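Letter by letter, the chains look like this.
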Amino acid sequence: MKLVRKDIEKDNAGQVTLVPEEPEDMWHTYNLVQVGDSLRASTIRKVQTESSTGSVGSNRVRTTLTLCVEAIDFDSQACQLRVKGTNIQENEYVKMGAYHTIELEPNRQFTLAKKQWDSVVLERIEQACDPAWSADVAAVVMQEGLAHICLVTPSMTLTRAKVEVNIPRKRKGNCSQHDRALERFYDQVVQAIQRHIHFDVVKCILVASPGFVREQFCDYMFQQAVKTDNKLLLENRSKFLQVHASSGHKYSLKEALCDPAVASRLSDTKAAGEVKALDDFYKMLQHEPDRAFYGLKQVEKANEAMAIDTLLISDELFRHQDVATRSRYVRLVDSVKENAGMVRIFSSLHVSGEQLSQLTGVAAILRFPVPELSDQEDDSSSEED
């Protein structure tokens, strides 16, 4: 994401002009735009024209509209963002108050204006415009006959391909059907890796599986690469890292990211940081439950006691339609930072964010035990559900 201009007044009203450059920038934009904001961007509008002879035709014209946002739709697989609203600025093709839907396009700038820019939104702009926050991890999570090829970006886990092949069981004295099916499966996974993983961007490719599947697959892949002189795979061989996972399903990726060997390779990425923070929370919940709280009321009370060391919160909560509720989460984040606590905002599209959402979307690791709050924990979490 490129920041073109930023005009924010002392009262936190103002506007920013941004250019989305990567598909993931649409996800960041989705988290920036809220109902009631105004969005100015280039768009295509179908307009009716009447010729001198009286015949009526229609043309598609490109124009720039300013909408008061009423609805936001994000397609996570295609990384497409559509914003619907009413026109609030004079335009030769569109009447004031007329409805229109803008589909934001890569490499075309847009201007977003808000009456109140809060700290969470401003921080997301900083992150989105920082080139260090790029997608740098890919993963192949597999078991015999099933594989998921994923991209692990700082903000989300994207499933780029799913490979499924029926593998017959080995029979006594005849393994040919099993072996042929397995080779066909491996070939399809290799093709998916080459199609969906950009080796010039990705720093590390995790190959995760139960048993010996990952070793057998990697051996096969590189043997074939030598036979076919596949330079792309051979030159990037050092980027492949084999780790354990309990299955070939996407949720097993969390186990792979928790592996110490992986953590050392990915120590600088936000994805690994989120996974470690959630892992620390679960360990604390198991061994010292007085220092691990979840649910908004419980976490707010812990914050009043200035006890929060690390706040874990889902970005989904900042998209709440109710302004007062959204402001409550923003105040919590600001307060924890003021008290020298660490705040980790989890992406709801990331595997760790999905797990945090199951814990109400907000949790905290405390500096010291707060036993009097722990007694009310069950009641609080049930209320949140």
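Before any of the text, the structure's been laid out above.
Quick caveat: nothing in here was measured; it's all calculated off a predicted structure. (Residues numbered from 1 in each chain as written. Predicted model: local features only at pLDDT ≥ 70, side-chain atom pairs only at ≥ 80, totals over all residues. Heavy atoms only, no water.)

Caption draft 1: Focus on the overall build of the protein chain. Of the regular secondary structure elements, the protein chain holds 13 helices and 16 strands. Principal-axis analysis of the C-alpha atoms gives the protein chain an extent of 80 × 75 × 35 Å. Looking at the protein chain as a whole, 50% of its 385 residues qualify as buried. Counting only contacts in the protein chain whose residues sit at least 6 apart along the sequence, the fraction spanning at least 24 positions is 66%. Just so you have it, the protein chain exposes about 19500 Å², and 46% of that area is on carbon and sulfur atoms. (Helix = DSSP H or I, 4+ residues; strand = E, 2+ residues; numbered from the N terminus. Buried < 20%, exposed > 50% of the residue type's maximum accessible area, 1.4 Å probe, protein only. Contact = heavy atoms within 4.5 Å. Areas by Shrake-Rupley, 256 points an atom, 1.4 Å probe, with all protein chains shown as cover.)

Caption draft 2: Summary view of the sheet that holds strand E15 (residues 342-346). In spatial order, the strands read E13-E16-E14-E15; together these four strands make up an open sheet with mixed pairing. Whereas interior strands pair on both sides, the edge strands pair on one side only; in this sheet they are strand E13 (292-294) and E15. Strand-to-strand twist of the sheet, defined as the mean angle between neighbouring strand axes without regard to direction, takes the value 15°. Where strand E14 (residues 308-314) lies against E15, five bridges are found, and the strand directions are parallel. Note on E15: the bridge partner recorded for Thr310 is Met342. (Pairing = 2+ DSSP bridges. Axes fitted to C-alpha atoms, helices over the stretch in contact; angles between N-to-C directions.)

Caption draft 3: Broad picture of the sheet that holds strand E11 (residues 204-209). Taking strand neighbours across the sheet as the criterion, the five strands line up as E10-E9-E8-E11-E12 in an open arrangement whose pairing is mixed. Of all the strands in the sheet, the pair left with one neighbour each is strand E10 (157-164) and strand E12 (240-244). The sheet shows a mean angle of 20° between the axes of neighbouring strands, taken without regard to direction. By the bridge criterion, seven bridges tie strand E9 (residues 146-152) to E10 in an arrangement that is antiparallel. Each bridged residue has a counterpart across the sheet, and for Ile149 the counterpart in E10 is Ala161. Contacts from helix H3 (residues 176-196) reach strand E8 (137-143), E9, E10 and E12, with the element oriented near 15° to E9.

Caption draft 4: Seen up close, helix H10 (residues 323-338). The end-to-end C-alpha separation of H10 is 22 Å, in line with the 22 Å expected for 16 residues at 1.5 Å each. Of the residues making up H10, those classed as buried are Arg326, Tyr329, Val330, Leu332, Val333 and Val336. Along the axis of H10, the buried residues cluster in a sector spanning 150°; they form a single face. More than 90 degrees from the buried face of H10, the exposed residues found are Val323, Ala324, Arg331 and Glu338. For H10, the secondary structure elements touched by its buried residues are helix H2 (119-128), helix H9 (296-304), E14, E15 and strand E16 (362-366). Within two residues after H10, Ala340 carries a phi angle of roughly 65°, on the positive side. (Expected span 1.5 Å × (residues − 1). Arc of directions from axis to C-beta.)

Caption draft 5: Focus on the pairing of E16. Here E16 lies mainly inside the structure; five of its five residues are buried. The alternating pattern of E16 places Val362, Ala364 and Leu366 on one face and Ala363 and Ile365 on the opposite face, and all of these are buried. Relative to E16, E13 runs antiparallel, the two sharing three bridges. Of the residues in E16, the one forming a bridge with Ala292 is Ile365. Pairing of E14 with E16 involves five bridges; the strand directions are antiparallel. Bridge pairing links Thr310 to Ile365 in E16.

Caption draft 6: Just the pattern of salt bridges, in detail. One pass over the full model with this rule turns up 15 salt bridges. Between Glu105 and Arg108 there is a salt bridge; the shortest N-O distance is 3.5 Å. On the basis of relative accessibility, which here comes to 26%, the residue Glu105 falls in the partly exposed class. For Asp315, the salt bridge identified is with Arg124, shortest N-O distance 3.1 Å. Remark: Arg124 occurs in helix H2 and Asp315 occurs in the loop between E14 and H10; sequence separation between them is 191 residues. Across the pair, Arg124 and Asp315 agree in class, each one buried. Overlapping salt bridges bring together Arg62, Glu105 and Arg108 as one network. (Salt bridge = Lys/Arg side-chain N within 4 Å of Asp/Glu carboxyl O.)

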